[in-house]
Amino acid sequence: MLTADAGEAARRAVGEARASLGDAAPSFAVLFASAHFFGSAEALAGAVAEETGRLPLIGCVAEAVAGGAREVESGPAVSLWLAADAGPVETFAMEFVRTPSGGAYGGYRFGPGPAGLHLLICDPFTFPASDLLAHLNRQAPGAVLMGGMASGGLAQRQSRLFLDGRVLSSGAVGAHLPRAEIHPLVAQGCRPVGDPYTTTRADGNVIFELGGRSPLARLQELAAALPGRDRELLARGVQLGLVIDEYRAEPRQGDFLIRGIVGTDPASGAIAVGDEVEVGQTVQFHVRDADSADEDLRRTLERAAAGLGGRRAAGALMFTCNGRGSRLFPEPDHDAGLLASMLGEIPMAGFFCAGEIGPVGGQNFLHAFTASIALFPERAP
């Protein structure tokens, strides 16, 4: 809804979302609002709760939002998604508390089994989601988590997370849908260039050697060998991909976790990346590329359509990187529009994230530059 008035935005958003359900009664809501609602987040959440009858609800204020086939990257916008017949829904809040030994997560306990879907929307300043996901990959194998890092705040305590009728400024909010059928989709926005290398010396997030040579030396070799177009993309911003499955013979696009290079040391040739890297881990340099990002999302949606087994898609939640949209693609509404054109104009809500949560190869990760989509199929007859 393109209005900055919280009450009017809530009424119009709820009206349109209810219309998409027909006669079915909603049982769960997801709400995303543009940064224009930072100061009126409480009023918006309260107005939506009044209009919907206080359903279980999660969401956040974000840098930009998506709804239907549109992505609104400037101007006020609210995107509301309502679900019916999703089974029981448990909403929750989590927090991270630092301790002398590191830290502890509190507020919600994940079960040991892979029961349904967990949606999670996190404050990037106070909630280290990547560590939680690594813990759950070990302790709750098979659990599916999807969501993203809120992007509406520029500093600590400036995030606005929606939980039922409340607004939180830290931690994370989530929802557990134990009986919902979900098809998780993750499409990359970067592609590998050059050759993969084995990490031969590293300490934490600093890499000193790739295949026995410094990373900066490897980068210089790569730049000299690439064709002109790829050399330009490399100069605009190189990324590092950490291979997900070390047993795959030839890793391809989508087989890597993308991490930014956050620092370099010209004297030693070392680089620092946005994650810890282990000795023996396979890595490969990546570039951001609109064409390959488009192709990967198309392939992902084609596989999703085939995986529906003749059923239609009933709805979707989209968590797309704030480095996509008009920052990557030459045309507006790319991810939302492609989803609508390939799976039908289904009810969809989403936001532009500061990191996207989604499963790859049976494990949950925090991604960069991806479109992570939770696809809900029609109920089986």
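Residues numbered from 1 in each chain as written. Predicted model: local features only at pLDDT ≥ 70, side-chain atom pairs only at ≥ 80, totals over all residues. Heavy atoms only, no water.

Engineer: Would you mind showing me how to read the sheet that holds strand β12 (residues 172-177) here?
Structural biologist: Pairing between the strands of a sheet is mediated by backbone hydrogen bonds and can be parallel or antiparallel. If you walk across this open sheet you meet the seven strands as β7-β6-β12-β8-β9-β23-β24, and the pairing is mixed. Both outer strands of the open sheet, β7 (102-106) and β24 (363-367), are each paired with one neighbouring strand and no more. Within this sheet the neighbouring strands show an average axis-to-axis angle of 25 degrees, counted without direction. Pairing geometry for strand β8 (residues 117-122) and strand β9 (residues 144-149), over six bridges, is parallel. Each residue of the ladder has a partner; that of L120, found in β9, is G147. The strands touched by helix α3 (residues 129-139) are β6 (90-99), β7, β8, β9, β23 (356-360) and β24; relative to β24, the strand with the most contacts, the crossing angle is about 170 degrees. (Pairing = 2+ DSSP bridges. Helix = DSSP H or I, 4+ residues; strand = E, 2+ residues; numbered from the N terminus. Axes fitted to C-alpha atoms, helices over the stretch in contact; angles between N-to-C directions. Contact = heavy atoms within 4.5 Å.)

Engineer: In this structure, what is going on with the nonpolar core? I would like to understand it.
Structural biologist: Within the largest apolar cluster, 33 residues are counted, with the highest numbers of intra-cluster contacts made by F28, F32, I58, L119, L177, L317 and F376. Core analysis: the second largest hydrophobic core is formed by 24 residues, A10, A33, A47 and V78 among them. (Core = buried A, V, L, I, M, F, W, Y, C linked by side-chain atoms within 4.5 Å. Buried < 20%, exposed > 50% of the residue type's maximum accessible area, 1.4 Å probe, protein only.)

Engineer: Whenever I open this one, α3 confuses me. Can you help?
Structural biologist: Since the α-helix advances by 3.6 residues per turn, residues separated by three or four positions end up pointing in the same direction. All buried positions along α3 are accounted for by A129, L132, L133, L136 and N137. For α3, the arc enclosing every buried residue in end-on projection is 140 degrees, short of the 170-degree limit, so these residues lie on one face. For α3, the exposed residues set more than 90 degrees away from the buried face come down to D131, R138 and Q139. Summarising the contacts, the buried residues of α3 are in contact with β6, β7, β8, β9, β23 and β24. (Arc of directions from axis to C-beta.)

Engineer: Help me understand the side chain of H176 in this model?
Structural biologist: Inspection of the secondary structure puts H176 in strand β12. In this structure the side chain of H176 is engaged in a polar contact, spanning 3.4 Å, whose partner is the side chain of Y108. If sequence neighbours within four positions are ignored, H176 has contacts with P88, V89, E90, F92, Y108, A115, L117 and H118. (Polar contact = N/O pair within 3.5 Å; in protein donor to acceptor, adjacent residues only side chain to side chain.)

Engineer: How should I be thinking about the pattern of salt bridges in this particular structure?
Structural biologist: Close approach of charged atoms allows side chains of opposite charge to pair. In total, this model carries 14 salt bridges according to the counting rule given. Of the charged contacts in the structure, one is a salt bridge between R218 and E221, with a shortest N-O distance of 3.5 Å. One end of the pair is R218 and the other is E221, both in helix α4 (residues 215-225) and three residues apart, which spans about a single turn. Taken together, the shared-partner salt bridges connect R191, D230 and D289 into one network. (Salt bridge = Lys/Arg side-chain N within 4 Å of Asp/Glu carboxyl O.)

Engineer: What am I meant to see in helix α1 (residues 6-21) here?
Structural biologist: If you check α1, its first and last C-alpha atoms are 23 Å apart, about what 16 residues at 1.5 Å a residue would give, namely 22 Å. Taken together, the buried positions of α1 are occupied by A6, A9, A10, A13, V14, A17 and L21. The buried residues of α1 occupy one face: seen down the axis, they fall within an arc of 120 degrees. Away from its buried face by more than 90 degrees, α1 exposes E16 and A19. Where α1 is buried, its residues meet α2 (41-52) and β5 (78-83). Measuring from the side-chain oxygen of the N-cap residue of α1 to the backbone nitrogen of G7 gives 3.3 Å; that N-cap residue is D5. Phi turns positive one or two residues past the end of α1, at G22, with a value near 65 degrees. (Expected span 1.5 Å × (residues − 1).)

Engineer: Just checking my understanding: could you explain the pairing of strand β18 (residues 256-265) for this structure?
Structural biologist: Within a regular strand, the side chains alternate between the two sheet faces. Summarising the sheet, strand β17 (residues 238-243) and β18 pair through five bridges and their orientation is antiparallel. Within β18, the position partnered with Q239 by the bridge is G260.

Engineer: Looking at this structure, I do not really get the environment of M342. What am I missing?
Structural biologist: Its place among the elements puts M342 in helix α7 (residues 334-343). Excluding its chain neighbours within four sequence positions, the residues that come into contact with M342 are R298, L301 and E302.

Engineer: Is there a simple way to think about unusual backbone geometry in this case?
Structural biologist: Most of the time, phi is negative for any residue but glycine, and the peptide bond is trans. In this structure, R54 takes a positive phi of about 60 degrees despite not being glycine. Position of R54 among the secondary structure elements: in the loop between α2 and β2 (57-62). Relative accessible area serves as the criterion here: at 60%, R54 is assigned to the exposed category. In this model, D85 sits at a positive phi of 55 degrees, which is unusual for a non-glycine residue. Tracing the chain through its elements places D85 in the loop between β5 and β6. A relative accessible area of 56% places D85 in the exposed class.

Engineer: When you look at the pairing of β7 in this model, what are you seeing that I'm missing?
Structural biologist: Two strands pair when backbone bridges link them, and β6 and β7 are joined in this way by five bridges, in the antiparallel orientation. Each bridged residue has a counterpart across the sheet, and for E95 the counterpart in β7 is G106. Counting the residues that bridge the hairpin from β6 to β7 gives two residues.

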